[in-house]
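Overview (structure and organization)
What follows is each chain in one-letter form.
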Amino acid sequence: MRILVVGGGVSGPAAALALKRAGHDVELFDRVLDFLDAPAGLNVSENGMRVLKRLGLLDAVVAAGSVCDSFEMRKINGDPVASFPTSRSGDLVQINILRTTLSRILTNTLIQEGVYVNANKQLIGIEQATDGSLGVRAKFHDGSVAVGDILIGADGVHSGVRQCLFPDRKPSKYGIVGYFGIVDLDPSTINWTSRSHHFFTDNIAGKSGMVMRVSDTQLGWLLFELKQSEISLDSWKPLFDLREERASLAEMARRWRLPDVFQPMILGAKEIVPLTIYDLETLPHWSKQNCVLIGGAKHAMVPFLGQACSVGLEDAEVLAALISRFPSDPWRAFQLYQESRYHRVRKIAEAARVQGKRQYSTTPFSAKVGHLVMKFASATSGSLASEEIVEYDGHEAVTEILFRNGYL
């Protein structure tokens, strides 16, 4: 079967790689000119690392990223609130890594295994067979057309595929805007040895900072605030006037009363990217005729549980396995994929929203309550994401859904 995959981030290449290895003819498309022009920090937890291990990429990802020991919740000035150790299962550790680095590992592997990877291909339309048969034509802004049997939309929260299939389903701004920066870890200027993911939050003012190692030699930092902006800072294009932006953001961090260590991190940044967080309720339908959605294209997962990347990897693994199980009946694969995944995805997305609400308050009293809830959760559950989330196994999920529907 010939399969078109639109989206070159993480879940798209992961699905393409699994499908290629299952014997399908796969081609990948992405809207940007350079797959690596959108630096952002990702957390990949045990459930996502399980998928990468099955793809044979575990060692490469661990070597390129940084093992995350815990999530540390702090007040804006650095005082501790709660600590959530990360889960580990054998060699499945939790990793912080740049999105560009993980994408590079996946796309380079695709190219090495013979998958044609197309950049600068912005989708503008989809035509599907009208007689109930296989067949899809993807039309791009440069006038080119790609033809396949089915199409997988893995192009994120602003999905062009979703826009073609379900034009009334649009993301909304969550109300967080900010900046993500990358800095080389120089011990002579930056005193930072921790391998944990640190959040510094002023619950009432709605302002936060974050620091995470994204490799052995680099840190990622984030400044963000609860704010509705009329300007869409979501192009994920690096800022060019770094000198001015670094000075402005360093002053903002000072005004917010973030710890002094943020100053050399911001002033030494080699890249800074503006961002806007979006939300999208999980779609009631994930497929239409010969097209299906995975990852952020069918839901948006706000970042407060660190599960967006891992859930997208789960989608890729389960969908690829079911398509390969029903190569002449992809519509059955689409149906079973959604049946298997829907409630889990919706539950995690809602849990991320609840965690976000805990971090922000409207009064000093509610801020104290939020801190107490976090401390209690840390003492009782231990980790930020539950065992139910991180112990998920896509192969077991596929076996279960096949058995439940009488195929085993």
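Use the structure listed above.
To start, this report covers the structure provided alongside it. (Residues numbered from 1 in each chain as written. Predicted model: local features only at pLDDT ≥ 70, side-chain atom pairs only at ≥ 80, totals over all residues. Heavy atoms only, no water.)

Using the criterion set out here, one finds 0 disulfides in the structure. Summary of cysteine pairing: Cys-164 is not part of a disulfide, and the nearest cysteine sulfur, belonging to Cys-291, is at 8.3 Å. (Disulfide = S-S within 2.5 Å.)

Note on sheets: strands pair through backbone hydrogen bonds, and any given pair is parallel or antiparallel. Spatially, β6-β5-β14-β15-β16-β13-β17 is the arrangement adopted by the 7 strands of the open sheet, whose pairing is mixed. The sheet terminates laterally at β6 (80–85) and β17 (271–279), the two strands that pair on one side only. Each neighbouring strand pair of the sheet contributes to a mean axis angle of 20 degrees, computed without reference to strand direction. The sheet strands contacting helix α6 (residues 242–256) are β13 (172–184), β15 (207–213), β16 (218–226) and β17, and the helix crosses β16 at an angle near 65 degrees. (Pairing = 2+ DSSP bridges. Helix = DSSP H or I, 4+ residues; strand = E, 2+ residues; numbered from the N terminus. Axes fitted to C-alpha atoms, helices over the stretch in contact; angles between N-to-C directions. Contact = heavy atoms within 4.5 Å.)

Looking now at the packing of helix α8 (residues 308–325) against helix α12 (residues 394–404). Packing of α8 against α12 leaves a shortest axis separation of 9 Å and a crossing angle of 45 degrees. Judged on the interaxial angle alone, α12 and α8 are oblique. Viewed along their axes, α8 and α12 form a crossing whose handedness is right-handed. The residues of α12 that touch α8, namely those facing Glu-317, Val-318, Ala-321, Leu-322 and Arg-325, are Gly-394, His-395, Val-398, Ile-401 and Leu-402. Class assignment of the residues belonging to the contact of α8 with α12 gives a composition of 6 nonpolar, 2 polar and 2 charged. (Parallel < 35°, antiparallel > 145°, perpendicular 65-115°, else oblique. Left-handed = near helix turned anticlockwise from the far one by under 90°. Nonpolar A, V, L, I, M, F, W, Y, C, P; charged D, E, K, R; others polar.)

We now examine helix α9 (residues 330–359). Taking 1.5 Å per residue as the helical rise, α9 with its 30 residues ought to reach 44 Å, and the 42 Å between its terminal C-alpha atoms agrees with that figure. Arg-341 marks the point of greatest bend in α9, at about 45 degrees. (Expected span 1.5 Å × (residues − 1). Bend = angle between axes of the 7 residues up to and from the residue.)

Moving on to the environment of Ala-297. Relative to the helices and strands, Ala-297 is located in the loop between β19 (291–293) and α8. Given a relative accessible area of 0%, Ala-297 falls into the buried group. Each C-alpha atom, one on Ala-297 and one on His-158, is 7.0 Å from the other, the two residues being 139 residues apart in sequence. Not counting chain neighbours up to four residues away, the residues in contact with Ala-297 comprise Gly-153, Asp-155, Gly-156, Val-157, Ser-159, Arg-162 and Leu-280. (Buried < 20%, exposed > 50% of the residue type's maximum accessible area, 1.4 Å probe, protein only.)

Residues Ile-95 and Ile-97 line one face of strand β7 (residues 95–98) and the alternating positions Asn-96 and Leu-98 line the opposite face, and both faces are buried. Relative to β7, strand β4 (residues 66–67) is paired through 2 bridges, and the arrangement is antiparallel. Looking across to β7, one finds that Ser-66 is bridged to Asn-96.

Tracing the backbone shows Gln-338 in helix α9. Using a relative accessible area of 16% as the deciding quantity, one classes Gln-338 as buried. At 2.9 Å, the side chain of Gln-338 and the backbone nitrogen of Trp-286 are in polar contact. Excluding anything up to four places from it in sequence, Gln-338 contacts Pro-284, His-285 and Trp-286. (Polar contact = N/O pair within 3.5 Å; in protein donor to acceptor, adjacent residues only side chain to side chain.)

The subject of this paragraph is the nonpolar core. Counting 102 residues, the largest nonpolar core has Val-61, Leu-102, Leu-151, Ile-152, Leu-322 and Ile-323 as the members making the most contacts within it. With 23 residues, the next largest nonpolar core counts Trp-192, Leu-242, Leu-249 and Ala-269 among its residues. (Core = buried A, V, L, I, M, F, W, Y, C linked by side-chain atoms within 4.5 Å.)

Now for the packing of helix α1 (residues 11–21) against α8. Put simply, α1 and α8 touch, their axes get as near as 8 Å, and they point 30 degrees apart. Classified by the angle between their axes, α1 and α8 sit roughly parallel to one another. When you trace α1 past α8, the crossing you get is right-handed. Side by side, α1 and α8 meet where Ser-11, Ala-14, Ala-15, Ala-18 and Leu-19 of the first sit next to Gly-312, Leu-313, Ala-316, Ala-320, Ile-323 and Ser-324 of the second.

This part is about the packing of aromatic side chains. Scanning the model with the defined rule gives 7 aromatic pairs in all. Centre to centre, the rings of Phe-71 and Phe-199 are 6.4 Å apart; their planes meet at 25 degrees, and the pair counts as stacked. In this pair, Phe-71 sits in strand β5 (residues 70–75) while Phe-199 sits in strand β14 (residues 197–202), placing the two residues 128 residues apart along the sequence. Under the relative-accessibility criterion, Phe-199 is labelled buried at 12%. For the ring pair Trp-286 and Tyr-342, a centre distance of 5.8 Å and an interplane angle of 40 degrees mean the geometry is tilted. One end of the pair, Trp-286, is in the loop between β17 and β18 (287–288); the other, Tyr-342, is in helix α9, and 56 residues separate them in sequence. In this structure, Trp-286 and Tyr-342 share a single accessibility class: buried. Joined through ring pairs, the aromatic side chains of Trp-286, Tyr-337 and Tyr-342 make up one cluster. One cation-aromatic arrangement involves Lys-298 over Trp-286; the distance from NZ or CZ to the ring centre is 4.2 Å. The ring of Phe-326 has Arg-325 lying over it, and the distance from NZ or CZ to the ring centre is 5.0 Å. (Phe/Tyr/Trp six-rings, centres within 6.5 Å; stacked < 30°, edge-to-face > 60°. Lys NZ or Arg CZ within 6 Å of the ring centre and 35° of its normal.)

By themselves, these observations are geometric and do not establish any function.
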